[in-house]
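What follows is each chain in one-letter form.
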Amino acid sequence: MADAPSTPVDRVVTIPNVLSVLRLAGVPLFLYLLLGPRADGWALVVLVAGGFSDWLDGKLARMLGQYSRLGALLDPAVDRLYILAALIALGVREVVPWWVVVVLVGRDLVLGLCLPVLRRRGYGPFVVTYAGKAATFQLLYAFPLLLVGQGSGWFAELALPFGYAFAGWGVALYLWSGLLYLTQFVLALRTPAVVAAQARDPEATTAR
């Protein structure tokens, strides 16, 4: 679990955070385009713009030194919302089976229920793993290909199997990363709460 940073990172209004909020605003638009007019082309534009802004806000955070706790929480949350929106839309449109939607959403719900327990024991959110990042990228690559595959022509026929391939690897990695996060959770539960709090704040004492 991530310890509290030693430098002040409580800033809210930063350029990366503004980009993350704009990306968050694109989630309902993305879902509407997929389920309302089924304007897959515009939905892809929103998804690509969201992916570019995701890369850009991370780049700017490093260049400008504008890290923040809000950004650390908001950035992965928006990624998951895009995945959730795409899963629901593709499930409704019968592009992916509903059991895949249930399994992936259930994974996030289980991990979400772990967070309050971690906070009570003095920990921050889960440390992001490379498997988790790879799973997110795989799924975000899969969804555009699956959408393109719903069209006609040679490109759609080519995109569909690649979309399912990315989706298969993405689902497997998403579940594997979930097991890794649950391992972090179990290890945290085995650590006494006082020790966990002192790990975050070396000056903390039992009296506190």
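Residues numbered from 1 in each chain as written. Predicted model: local features only at pLDDT ≥ 70, side-chain atom pairs only at ≥ 80, totals over all residues. Heavy atoms only, no water.

Caption draft 1: Local environment of unusual backbone geometry. Despite not being glycine, Arg38 shows a phi value in the positive range, around 55°. You can see Arg38 is positioned in the loop between helix H1 (15-35) and helix H2 (40-64). (Helix = DSSP H or I, 4+ residues; strand = E, 2+ residues; numbered from the N terminus.)

Caption draft 2: Quick look at H1. Taking 1.5 Å per residue, 21 residues should reach 30 Å; H1 reaches 31 Å between its end C-alpha atoms and fits that length. Three or more residues of H1 are buried, namely Pro16, Asn17, Leu19, Ser20, Arg23, Gly26, Val27, Phe30, Leu33 and Leu34. Check the buried side of H1 and you find it contacts H2, helix H3 (69-92) and helix H5 (130-148). Of the residues flanking the start of H1, the one acting as N-cap is Thr14, its side-chain oxygen 3.2 Å from the backbone nitrogen of Asn17. (Expected span 1.5 Å × (residues − 1). Buried < 20%, exposed > 50% of the residue type's maximum accessible area, 1.4 Å probe, protein only. Contact = heavy atoms within 4.5 Å. Polar contact = N/O pair within 3.5 Å; in protein donor to acceptor, adjacent residues only side chain to side chain.)

Caption draft 3: Structural view of the pattern of salt bridges. Tallying each qualifying case throughout the model produces 6 salt bridges. Measuring nitrogen to oxygen at the nearest pair gives 2.7 Å for the salt bridge that ties Asp40 to Arg93. Residue Asp40 is located in helix H2, and its partner Arg93 is located in the loop between H3 and helix H4 (98-120); the two are separated by 53 residues in the primary sequence. A single burial state applies to Asp40 and to Arg93, both of which are buried. Taken together, the salt bridges that share partners define one network made up of Arg23, Asp54, Asp75 and Asp79. (Salt bridge = Lys/Arg side-chain N within 4 Å of Asp/Glu carboxyl O.)

Caption draft 4: Representation of the packing of H1 against H2 in the model. In contact at an axis separation of 9 Å, H1 and H2 are set at 165° when each is read in the N-to-C sense. In this view, H1 runs roughly antiparallel relative to H2, as classed from their interaxial angle. Taken as a pair, H1 and H2 cross one another with a handedness that is left-handed. (Axes fitted to C-alpha atoms, helices over the stretch in contact; angles between N-to-C directions. Parallel < 35°, antiparallel > 145°, perpendicular 65-115°, else oblique. Left-handed = near helix turned anticlockwise from the far one by under 90°.)

Caption draft 5: Structural view of the confidence of the model for the protein. When the pLDDT values of the protein are averaged, the result is 82; 88% of them are 70 or greater. Mean pLDDT in the protein bottoms out at helix H7 (residues 193-200), which sits at 52, and peaks at helix H6 (residues 154-189), which reaches 92. Segment residues 2-8 is flagged for pLDDT under 50; beyond a separation of four residues in sequence, or across chains, it makes 9 contacts in the model. (pLDDT = per-residue confidence, 0-100.)

Caption draft 6: How the structure looks around the packing of aromatic side chains. The tally for this structure, following the rule as stated, stands at 5 aromatic pairs. Look at Trp154 and Phe155: their rings are 5.6 Å apart centre to centre, the planes differ by 85°, and that puts the pair in the edge-to-face class. With a relative accessible area of 65%, Trp154 lands in the exposed category. Judged by its relative accessible area of 47%, Phe155 is partly exposed. Note that Arg107 overlies the ring of Tyr174, its terminal NZ or CZ placed 3.9 Å from the centroid. (Phe/Tyr/Trp six-rings, centres within 6.5 Å; stacked < 30°, edge-to-face > 60°. Lys NZ or Arg CZ within 6 Å of the ring centre and 35° of its normal.)

Caption draft 7: Quick look at the nonpolar core. Counting 31 residues, the largest nonpolar core has Phe30, Tyr82, Leu90, Leu104, Leu139, Phe143 and Leu146 as its most contacted members. Of all the secondary structure elements, the ones that give two or more residues to this core are H1, H2, H3, H4, H5 and H6. Ignoring anything within four residues of it in the chain, the contact list for Tyr82 reads Arg23, Gly26, Val27, Phe30, Val46, Leu47, Gly50 and Leu140. Residues Leu111, Cys114, Leu118 and Phe185 belong to the second largest nonpolar core, which totals 8 residues. (Core = buried A, V, L, I, M, F, W, Y, C linked by side-chain atoms within 4.5 Å.)

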